[in-house]
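Structural description and commentary
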Amino acid sequence: MDTLKRIGVYTSGGDAPGMNACVRAVVRTAAAHDLEVIGIRRGYAGMIEGDFVEIDGRSVSNIVQQGGTILKSARSKRFQTPEGRARAAANLREAGVQGLVAIGGDGTLRGASIFTEEHHIPIVGCPGTIDNDLFGTDETIGYDTALNTALENIDRIRDTADAHDRLFLVEVMGRDAGFIALNCAIGGGAELVLIPETLVELDEIKERIHSLMSAQTRSSIVVVAEGEELGGAQRIEQALLEDGAFSHIDIRVCILGHTQRGGSPTARDRVLASRLGAAAVEALLEGHSGVMVGIVNNEVKLTSMRNVWSRKKNINYELLKLTQLLS
Ligand code: F6P
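Now for a look at the structure at hand. All residue numbers refer to positions counted from 1 along the written sequence of the respective chain. Confidence filtering applies because this is a predicted model: local features only for residues at pLDDT of at least 70, side-chain atom pairs given and counted only at 80 or more, and all residues used for totals across whole chains, interfaces and linings. Side-chain metrics in this entry use all non-hydrogen atoms of the structure; hydrogen atoms and water are not considered.

A closer look at unusual backbone geometry
For D165, which is not glycine, the phi dihedral falls at a positive 50 degrees. Residue position: D165 is located in the loop between α5 (143–164) and β6 (167–172). Here the term buried applies to any residue with accessible area under 20% of the maximum for its type, exposed to any over 50%, and partly exposed to those in between, with areas from a 1.4 Å probe on protein chains only. A residue is classified by how much of its surface remains accessible, and D165, at 35% relative accessible area, is partly exposed. At N297, a residue that is not glycine, the phi angle is positive and equals roughly 50 degrees. To qualify as a helix, a DSSP run of H or I must reach at least 4 residues; to qualify as a strand, a run of E must reach at least 2; elements of each kind are numbered from the N terminus. Mapped onto the secondary structure, N297 falls in the loop between β10 (291–296) and β11 (299–304).

Quick look at the side chain of N20
In this structure, N20 sits in helix α1 (residues 19–32). A relative accessible area of 0% means that N20 is categorised as buried. Polar contact is the term for a pair of N or O atoms within 3.5 Å; when the atoms are in protein, one must be able to donate a hydrogen and the other to accept it, and sequence-neighboring residues count only if both atoms are side-chain atoms. A polar side-chain atom of N20 sits 3.2 Å from the main-chain carbonyl oxygen of Q66. Should any heavy atoms of two residues lie within 4.5 Å, those residues are counted as being in contact. If sequence neighbours within four positions are ignored, N20 has contacts with I63, Q66, G67, G68, T69 and I70.

Remarks on the layout of surface pockets
Put simply, the largest pocket is a space of about 890 Å³. Elements supplying a minimum of two residues to the lining of the largest pocket: α4 (106–119) and α10 (305–310). Residue type decides the class: Asp, Glu, Lys and Arg count as charged, Ala, Val, Leu, Ile, Met, Phe, Trp, Tyr, Cys and Pro as nonpolar, and the leftover types, Gly among them, as polar. Taken together, the residues of the lining of the largest pocket sort by class into eleven nonpolar, 14 polar and 15 charged. Domain start and stop points were drawn from an automatic or database domain assignment. When we break the lining of the largest pocket down by domain, the ones giving at least three residues each are domain 1 (6–142 + 265–310) and domain 2 (144–261). Points on a 1 Å grid, built from protein atoms alone, make a cavity when a 1.4 Å probe fits but cannot get out and make a pocket when they are open with protein on both sides within 12 Å along at least 5 of 7 lines; residues with an atom within 4 Å of a point are the lining residues. Grid points are joined across faces, edges and corners, and a volume is the space filled by probe spheres set on the points.

Here you go:
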């Protein structure tokens with residue numbers, strides 16, 4: 001491979017707080033190695049359309065604390081086709097881009113690994129998603145911020161739930177994973193948590209809620225992961241409303257939704273993103289490709305992108321037992 005002179009960086013899929021800190025680290029680490037950086041706007045969609053912008057150390061000033069992504073993000077259907085990927089590769093070659101840093105989640109890294117195998121443009125991935133569902137890193141960029149946002153909201157909900165002795169079903173994000181749900185349930189003292197990794201039958205949920213609300217007059221909070229088997233908080237509410245045994249309980253649903261995606265990243269996310277952005281550029285310079293940089297036991301680790309999206313990252317089942325013990 002020619003000596004690296006110019007690399008590209010993009011953010012793709014659902015944005016996550018800390019993506020900007022990661023872009024900044026990529027650009028400044030590249031500058032320290034005399035590499036030029038092209039920012040690819042709107043992820044794979046922008047790659048296909050040639051939506052490129054030159055960025056240097058100064059263009060990333062004052063973004064370490066900002067949520068969202070200055071490069072913008074998108075989910076691209078065209079990139080899923082060989083024609084779309086060929087167009088993207090041609091644009092990159094024309095712009096002289098010799099290597100890429102991809103910042104995003106499962107879909108982004110899946111696209112990146114197919115693209116690099118097909119078109120031989122080296123790519124190193126950085127795990128950026130609030131879901132924390134990527135194998136090969138203890139935490140993903142954005143997860144800690146989203147978790148703390150969810151937790152802060154649960155604390156607020158607890159106040160009003162308690163004032164009215166209500167049952168709240170609080171739905172949190174996480175796609176098919178329960179990391180946010182499980183951890184904010186423990187932190188927020190939730191009475192019950194429902195996550196995709198374990199199936200709890202509706203009858204058992206009803207039984208648990210019934211005993212919670214009849215044993216005490218205080219509030220109860222049930223944290224429901226959006227990917228949970230029964231279909232989310234509204235479905236569960238519906239099932240409870242249709243059952244006469246719950247007519248004495250005042251039920252409310254609160255879906256935290258995209259509030260969890262925005263906001264200034266926590267210190268933990270800023271540090272994680274900075275370490276990973278720098279590590280990604282160094283990995284490219286060392287000649288790596290088709291890998292994701294992660295932090296495992298506080299050390300930078302490279303994992304093949306194929307493993308990242310084909311292997312499942314497990315939740316900690318001890319934490320699930322703890323929610324039951326403490327509720
Ligand atoms: O992957 C991040 C995430 O926020 C998931 O938790 C959620 O299921 C999904 O993205 C929402 O996607 P969109 O912003 O496209 O509605």
